[in-house]
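Tertiary structure, described
One letter stands for each residue in the lines below.
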Amino acid sequence: MPDAMIRRVMLILALLAVFSGAVLGWDGHDLITYHSLKDFATLDIPLVETEYTYGERDTTEYNPSFVVKFLHEDWDELTAFQVLVDYAQEPDWDLDTGLELNPLQMLTGGSQGWRHQRYTLLGGLIALGVAPERAQHFYDLAVYAYEQGDLYWAFRFLSRSLHYLQDMGQPYHSLPMPVAHFLTKHRLNLTNATIVGENVHYNLEWYVEWRLTQEYEPFIDVLTRTDYVEFATVEQAALDLNNEVRRIVERQYDLTLAVWPDLGIPVKQTLDFERDPVPTGKFLTELHEIIEQTLGRTGEYTRGLIWRFKQDVGL
Ligand SMILES: [Zn+2]
């Protein structure tokens, strides 16, 4: 590599080192899944909970303290739809934390970040994180469980697969902060850049979740559709979605700060949307357009995954 390129790569690695904290992803995977699938395919397939017996097949590491929880023990009318919705957040329940997966995982916020994000720079020359592989891993397990006649775990694995695929529709999972901000606003100050980057990332995700919880129609409407993306493999689908939102992450970052300028102060902040009115105006309008676009695409890929699964198992 030429010197200039090496310098750029070093700089970028320093930027990525900014994000060593915990990583959330879309909050509200359950809500996204619920609204994306509620008018789609028939998923009222009855299920009965079965024990997890996939230790030999599911060879990738879990956090040793992760415990498989069962949420529907007393249910007699459990359906595939309910399992897909209720476990969509499961990969955030410490399944991926506390692991040594890759020496570069510190650049993505540890093992959780490594498995839930895919940061790309220099047109994809640098890519960090394995979320697309994780989406494929659990998809393959879902197909396997289905072939064993274990419909419960088929849909539970499918729900986990959905989680990683949906994470790829969140722009901040494709880049933590525009390089220009790191250089000019924060002048390479890692501590300040980390705090501001996390402020922007987490508060935007909380904002979207809060709106969904409030049944905010424009966000619900872009999810509640029936069109879907057809794809050959889940891993490729996740890569495509990640590359697509990567193109708008810088704009989303600028707009988040334009709406809530205080997030740019390097002090950890948690916005309270109930208490403080959301500032309206052209920046919020444009930010909403981006959120609606990415949420809409996330919904289309969510339905695409169900379509793919049905094709593959002949359901
Ligand atoms: Zn996640």
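Please refer to the structure placed before this passage.
The following paragraphs examine the structure supplied in this document. Please read these numbers as outputs of a predicted model, since none were measured by experiment. (Residues numbered from 1 in each chain as written. Predicted model: local features only at pLDDT ≥ 70, side-chain atom pairs only at ≥ 80, totals over all residues. Heavy atoms only, no water.)

1. Structural notes on the coordination of the zinc ion
- Around the zinc ion, the protein contributes the donor atoms His 116 (ND1), His 163 (NE2) and Asp 167 (OD), which lie 2.0 to 2.2 Å from the metal centre.
- Taken in sequence order, the residues that donate to the zinc ion follow the motif H-x46-H-x3-D. Placement of His 116 in helix H4 (residues 110–116) and of His 163 in helix H6 (residues 151–167) is noted, with a sequence separation of 47 residues between them. Here His 116 and His 163 have matching classes, each one buried. (Donors = N, O, S within 2.8 Å, 3.2 Å for Na, K, Ca; no water. Helix = DSSP H or I, 4+ residues; strand = E, 2+ residues; numbered from the N terminus. Buried < 20%, exposed > 50% of the residue type's maximum accessible area, 1.4 Å probe, protein only.)

2. What to know about the packing of helix H8 (residues 190–213) against helix H11 (residues 249–259)
- Direction vectors running N to C along H8 and H11 enclose 90°, while the axes themselves pass 10 Å from each other. In this view, H8 runs roughly perpendicular relative to H11, as classed from their interaxial angle. Listed contacts from H11 to Val 196, Gly 197, Val 200 and Leu 204 of H8 are Gln 252, Tyr 253, Thr 256 and Leu 257.
- Taken together, the residues that form the contact of H8 with H11 break down as five nonpolar, three polar and no charged. (Axes fitted to C-alpha atoms, helices over the stretch in contact; angles between N-to-C directions. Parallel < 35°, antiparallel > 145°, perpendicular 65-115°, else oblique. Contact = heavy atoms within 4.5 Å. Nonpolar A, V, L, I, M, F, W, Y, C, P; charged D, E, K, R; others polar.)

3. Here's the deal with helix H12 (residues 282–313)
- With 32 residues, H12 should cover 46 Å at 1.5 Å per step; its first-to-last C-alpha distance of 47 Å lies within 8% of that length.
- A positive phi of about 75° marks Gly 314, the residue just after H12. (Expected span 1.5 Å × (residues − 1).)

4. Quick word on the packing of aromatic side chains
- What the rule picks out here adds up to 29 aromatic pairs.
- Between Tyr 62 and Phe 66, the ring centres sit 5.6 Å apart and the planes meet at 80°, which makes this aromatic pair edge-to-face.
- For Phe 66, a relative accessible area of 11% gives the class buried.
- Arranged with centres 6.2 Å apart and planes meeting at 25°, the rings of Phe 70 and Tyr 152 form a pair that is stacked. With Phe 70 in the loop between helix H2 (29–37) and helix H3 (80–86) and Tyr 152 in helix H6, this pair connects stretches of sequence that are 82 residues apart.
- Through a chain of ring-to-ring contacts, the aromatic side chains of Tyr 52, Tyr 54, Phe 70, Phe 138, Tyr 144, Tyr 152, Trp 153, Phe 157 and Tyr 164 assemble into a single cluster.
- Arg 156 extends its terminal NZ or CZ atom over the ring of Phe 70, reaching a point 5.1 Å from the ring centre.
- Over the aromatic face of Tyr 216 sits the side chain of Arg 211, whose NZ or CZ is 4.3 Å from the ring centroid. (Phe/Tyr/Trp six-rings, centres within 6.5 Å; stacked < 30°, edge-to-face > 60°. Lys NZ or Arg CZ within 6 Å of the ring centre and 35° of its normal.)

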